[in-house]
Amino acid sequence: MNPLGLAKVFRSMSRVEYFDIKHNGWNCYGQMESIWFANSYDDAVAFGHRLGHGTDTKFYVVGFEIDDEILSGAYKVNKLDAIGDALAIDIDQLNNSSPIVTSINSQRVKIDYH
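Rules behind the numbers
- Residues numbered from 1 in each chain as written.
- Predicted model: local features only at pLDDT ≥ 70, side-chain atom pairs only at ≥ 80, totals over all residues.
- Heavy atoms only, no water.
- Helix = DSSP H or I, 4+ residues; strand = E, 2+ residues; numbered from the N terminus.
- Contact = heavy atoms within 4.5 Å.
- Areas by Shrake-Rupley, 256 points an atom, 1.4 Å probe, with all protein chains shown as cover.
- Buried < 20%, exposed > 50% of the residue type's maximum accessible area, 1.4 Å probe, protein only.
- Lys, Arg positive; Asp, Glu negative; His and termini not counted.
- Salt bridge = Lys/Arg side-chain N within 4 Å of Asp/Glu carboxyl O.
- Polar contact = N/O pair within 3.5 Å; in protein donor to acceptor, adjacent residues only side chain to side chain.
- 1 Å grid on protein atoms, 1.4 Å probe; cavity = no way out; pocket = protein on both sides within 12 Å on 5 of 7 lines; lining within 4 Å.
- Points joined across faces, edges and corners; volume = space filled by probe spheres on them.
- Nonpolar A, V, L, I, M, F, W, Y, C, P; charged D, E, K, R; others polar.
- Pairing = 2+ DSSP bridges.
- Phe/Tyr/Trp six-rings, centres within 6.5 Å; stacked < 30°, edge-to-face > 60°.

K.L.:
Give a description of the overall build of the protein that names residues and reports values.
P.N.:
A count of helices and strands for the protein gives four helices and six strands. Starting at the N terminus and walking to the C terminus, you meet the elements of the protein as β-α-β-α-β-α-β-β-α-β. Restricting the contact set of the protein to residue pairs at least 6 apart, pairs at least 24 apart contribute 81%. For the protein, the exposed surface amounts to about 7,000 Å²; the carbon and sulfur share of it is 51%.

What follows is the structure, given as structure tokens:
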């Protein structure tokens, strides 16, 4: 938490998802009503490698500042997928609050050929 009442969270996302959010806002296309975020950059990277993001091996880890009030009502899970602490925020809350992008880093999925 910072003095402005914002907290930093991270999301691993495909390039398609990133550009869709940038142009159209947060949405779920009928699949989920909430979006998952990691509490740390390293955990978001681990989630990205675990999820794989389809045939595109490049993905982004995006840092966001989100209002503490929204985070206080988020659904929280310790060690999600045995990786790290995560939280789910409703799509409507994300679209009504306009989270601030603080960082964008690209990664490549590590492919194990064994």
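That shown, we press on.
K.L.:
Can you lay out the side chain of Asp68 for me, pointing to particular residues and giving the numbers?
P.N.:
Residue placement: Asp68 occurs in helix H3 (residues 68-72). Despite its burial, Asp68 pairs with no opposite charge, the nearest such side chain being Lys76 at 9.6 Å. At 3.4 Å, the side chain of Asp68 forms a polar contact with the backbone nitrogen of Ala7.

K.L.:
Explain unusual backbone geometry residue by residue, including any values.
P.N.:
Residues other than glycine predominantly adopt negative phi, and peptide bonds predominantly adopt the trans conformation. The phi dihedral of Lys79 is positive, around 55°, even though this residue is not glycine. Structurally, Lys79 is set in strand S4 (residues 75-80).

K.L.:
Any details on helix H2 (residues 41-51)? Residues and values, ideally.
P.N.:
Among all positions in H2, only Asp43, Ala44, Val45, Phe47, Gly48 and His49 are buried. Contact partners of the buried residues in H2: strand S1 (6-14), strand S2 (34-38), strand S3 (58-67), S4, strand S5 (84-90) and strand S6 (100-108).

K.L.:
Could you give me a rundown of the layout of surface pockets, with the residues and numbers involved?
P.N.:
If a probe the size of a water molecule is rolled over the atoms, the empty space left behind becomes visible. Quantified by volume, the second largest pocket comes out at close to 200 Å³. Looking at the second largest pocket, the residues that line it are Tyr18, Ile21, Lys22, Gly25, Trp26, Phe64, Leu94, Asn95, Ser98, Pro99 and Val101. The set of elements that each furnish at least two residues to the lining of the second largest pocket consists of helix H1 (15-24) and helix H4 (91-97). By residue class, the composition of the lining of the second largest pocket is seven nonpolar, three polar and one charged.

K.L.:
Now, about the pairing of S4: what can you tell me, with residues and values included?
P.N.:
Here four bridges tie S4 to S5, and the two strands are oriented antiparallel to one another. Paired with Leu80 across the strands is Gly84, a residue of S5.

K.L.:
An account of the pairing of S2 is requested, with residue identities and associated values reported.
P.N.:
Of all five residues that make up S2, four are buried, and the element is covered over most of its length. For S2 and S5, the ladder comprises five bridges, and the chain directions are antiparallel. Bridging across to S5, Trp36 finds its partner in Ala88.

K.L.:
An account of the packing of aromatic side chains is needed here, citing residue identities and associated values.
P.N.:
For the coordinates displayed, the defined rule picks out eight aromatic pairs. Seen in terms of ring centroids, Phe10 and Tyr41 are 6.1 Å apart; in terms of plane orientation they differ by 80°. Their pairing is edge-to-face. Taken as a pair, Phe10 in strand S1 and Tyr41 in helix H2 lie far apart in primary sequence, 31 residues in all. For Phe10, a relative accessible area of 10% corresponds to the buried category. When the ring of Phe19 is compared with that of Tyr60, the centres are 6.3 Å apart and the planes differ by 75°; the resulting orientation is edge-to-face. Of the two residues, Phe19 sits in helix H1 while Tyr60 sits in strand S3, which places them 41 residues apart along the sequence. Residue Phe19 is classed as partly exposed on the basis of its relative accessible area of 39%. Aromatic ring contacts, followed pair by pair, group Tyr18, Phe19 and Tyr60 into a single cluster.

Function cannot be inferred from these measures alone, as they are strictly geometric.
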